[in-house]
Every structure is written in C-alpha cells, then in structure tokens.
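The primary structure of each chain is shown beneath.
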Amino acid sequence: MPNRYATARSRMIREQLLPRGIGDQGTLAAMEEVPRHLFVEDALQGQAYGDFSLPIGLGQTISQPYIVALMTQGLGLKPADRVLEIGTGCGYQAAVLSRLCAKVYTVERLKPLMMKARQLFDRLHYLNLVCKLDDGTLGWPANAPYDAIMVTAAGPAVPEALLSQLAEGGRLAMPIGGRQEQELVLIRKENGQYLKSTLEQVRFVPLIGAQGWSE
Ligand code: SAH
C-alpha cells in the first residue's frame, strides 16, 4: 500500500508535470522517488506536493515542482555526468539531480540551510552529493569542469566563473533578469561558443555574491 506521500507524489507528476510537457523519463522517475515532504518543515509537509513554491527559512524558498522538473530536464543529464548546483537551500533540487548523475557538488551561502540539507542527504543515503558553504557565484573550481551547472537563485547575468567551469558540451540552467522577475535560460557550450535558449518566465530569490547581487 503506497503511503499518502507516495500517492501525492504520483499525483504531482500526473497533474503538474506531464500536462506541462515534462516528458523526460529520468526526471519523472527522480521526482517520483525523492521524498519532497522531508525537505520542508513539519508544518508544511502536507503542502509539499502542491503546485507552488514554499518557504524553507531565512527568506529562501524551495521551487515549485514544475520548475524543478523543467530545469532538471533541461540539463539532459547522463549517468556519468558531474553536476554543480549553486544554491543548495533545503537540498531538494540537489537530491533530484543526484538520482540522475554520478556526482553533485552543491554550494550554499547560508550555513543553517547547508547543515540541514547535508543531514538529510545522509539520512536518505544519498551518498553522491557533496556540500560546501561558500559564495557559489565563484563556482567550485577544484572539481571543474562540470558537465552541467544549475543555479537556483536569480542573478543579473551568468557569472563568468560558472561559464569558465562548464565542460565542452556542457549545459547550464539559471534564472536571469531583475530582482523581481527573470527568464529561465539554458546555455549550451559547443565548440567554445555559448548557445542560449529561454525556457520560462520565473521568480527566484536573489543570487547574492561577488558575481551576483549585493545583499
Ligand atoms: N535548490 C534549492 C533552492 C533554494 S533557494 C532548493 O531546492 O531548495 C536559493 C538558495 O540560493 C538559497 O538557499 C540562497 O541562500 C542560495 N544562494 C543565494 N546566493 C548564493 C550564492 N552566492 N552562493 C550560494 N548560494 C546562494
């Protein structure tokens, strides 16, 4: 008998993801697997599979399921890929990515969020995730280049440091624009060129750091 959260997860996929064109089997399977309700505080668990973002403390948010799916699918991950995520937050997006690739490196600037996410990764035995407390606008040079990079906070432009840490053939997804509203852009590095496409209008919390917004 599936528990009520497993049922809510299946419904989320059926009602929010499939009708909006999320067709990538890997993305759908990962979101069917990862227990999103554990990434929000107890009082919000009943709403975890709703069609909206939710607060995760310190003024930050976990993205709406559809946006997580859209960004994940956009990266076109392969099992051997190594992925960098900027903005760990509660760790949900990183957990979804970790089901689809070899290793996820995730950077968060707020210590309490990083600590909580790390504990949850351990509890769920998601072992191919490593976290770092730092300004992610500078990337994580020690493990570069990455096959894919996802930024889950919005900046005025893609940080140069991140572009330089993207492998040839690599993909990067990030919300770009103003503090209030942004476009979700997908960039592919091919023959040293950066090819850009736009996926959706979005609202993300700001990317704060040396190559992002100031506080
Ligand atoms: N992927 C997250 C989304 C969290 S919201 C999730 O699934 O929950 C975006 C996060 O980006 C916030 O936690 C915020 O603190 C973080 N952030 C903002 N600027 C950052 C920076 N320069 N480096 C690392 N993290 C940053």
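The structure we're discussing is the one just above.
Quick look at the structure, then. Only a predicted model underlies this, so the values are computations on that prediction, with no experimental measurement involved. (Residues numbered from 1 in each chain as written. Predicted model: local features only at pLDDT ≥ 70, side-chain atom pairs only at ≥ 80, totals over all residues. Heavy atoms only, no water.)

### Brief notes about the pattern of salt bridges
Moving on, step 1. Counted by the stated rule, this structure contains seven salt bridges.
Moving on, step 2. For arginine 171, the salt bridge is made with aspartate 81, and the minimal N-O distance between the two is 2.9 Å. Highlighted residues: arginine 171 in strand 7 (residues 166-177) and aspartate 81 in the loop between helix 3 (65-74) and strand 3 (82-86), separated in sequence by 90 residues. Both residues of the pair, arginine 171 and aspartate 81, count as buried.
Moving on, step 3. Between glutamate 215 and arginine 109 there is a salt bridge whose closest N-O contact spans 3.2 Å. Placement of the pair is glutamate 215 in the segment after strand 9 (193-202) and arginine 109 in the loop between strand 4 (103-108) and helix 5 (111-123), with a sequence separation of 106 residues.
Moving on, step 4. Its relative accessible area of 74% is what places glutamate 215 among the exposed residues. (Salt bridge = Lys/Arg side-chain N within 4 Å of Asp/Glu carboxyl O. Helix = DSSP H or I, 4+ residues; strand = E, 2+ residues; numbered from the N terminus. Buried < 20%, exposed > 50% of the residue type's maximum accessible area, 1.4 Å probe, protein only.)

### Some points on the packing of helix 1 (residues 4-17) against helix 3
Moving on, step 1. Packing of helix 1 against helix 3 leaves a shortest axis separation of 10 Å and a crossing angle of 75°. Relative to helix 3, the element helix 1 lies roughly perpendicular. Residue-level inspection shows Met12, Gln16 and Leu17 of helix 1 in contact with helix 3, the latter providing Pro65, Tyr66 and Ala69. (Axes fitted to C-alpha atoms, helices over the stretch in contact; angles between N-to-C directions. Parallel < 35°, antiparallel > 145°, perpendicular 65-115°, else oblique. Contact = heavy atoms within 4.5 Å.)

### Describing the site of the ligand
Moving on, step 1. If you check the shell around the ligand, you find 27 residues, and the closest are Glu85, Glu108, Asp135, Gly136 and Ile208.
Moving on, step 2. Taking aspartate 135, its side chain carries an N or O atom lying 2.9 Å from a nitrogen atom of the ligand.
Moving on, step 3. Separating a nitrogen atom of the ligand from a side-chain N or O atom of threonine 152 is a distance of 3.0 Å.
Moving on, step 4. About the coverage of the ligand: the protein hides 99% of its 580 Å² of free accessible area.
Moving on, step 5. Its atoms largely coinciding with the cavity grid, the ligand occupies the largest pocket.
Moving on, step 6. For the shell around the ligand, the secondary-structure elements that each account for two or more residues are strand 2 (60-62), strand 3, helix 4 (92-98) and strand 4. (Near = heavy atom within 4 Å. Polar contact = N/O pair within 3.5 Å; in protein donor to acceptor, adjacent residues only side chain to side chain. Areas by Shrake-Rupley, 256 points an atom, 1.4 Å probe, with all protein chains shown as cover. 1 Å grid on protein atoms, 1.4 Å probe; cavity = no way out; pocket = protein on both sides within 12 Å on 5 of 7 lines; lining within 4 Å. Sits in = over half its atoms within 2 Å of the grid points.)

### Things to note about the layout of surface pockets
Moving on, step 1. Taken as a whole, the largest pocket holds about 580 Å³ of empty space.
Moving on, step 2. Lining of the largest pocket is provided by 37 residues; of these, Gln60, Thr61, Thr152, Ala153 and Val205 occupy positions nearest its centre.
Moving on, step 3. Those elements that place two or more of their residues in the lining of the largest pocket are strand 2, helix 3, strand 3, helix 4, strand 4 and strand 9.
Moving on, step 4. Examining the composition of the lining of the largest pocket, we find that three residues originate from one element, strand 2, more than from any other.
Moving on, step 5. Of the residues that constitute the lining of the largest pocket, the class distribution is 17 nonpolar, 14 polar and six charged.
Moving on, step 6. In this structure, the second largest pocket spans a volume of roughly 220 Å³.
Moving on, step 7. What lines the second largest pocket is a set of 14 residues, among which Leu38, Phe39, Val40, Lys116 and Leu120 lie closest to the centre.
Moving on, step 8. Elements that contribute at least two residues to the lining of the second largest pocket include exactly strand 1 (54-57) and helix 5.
Moving on, step 9. Here the element with the most residues in the lining of the second largest pocket is helix 5; it accounts for five residues.
Moving on, step 10. Residue classes in the lining of the second largest pocket are distributed as nine nonpolar, two polar and three charged. (Points joined across faces, edges and corners; volume = space filled by probe spheres on them. Nonpolar A, V, L, I, M, F, W, Y, C, P; charged D, E, K, R; others polar.)

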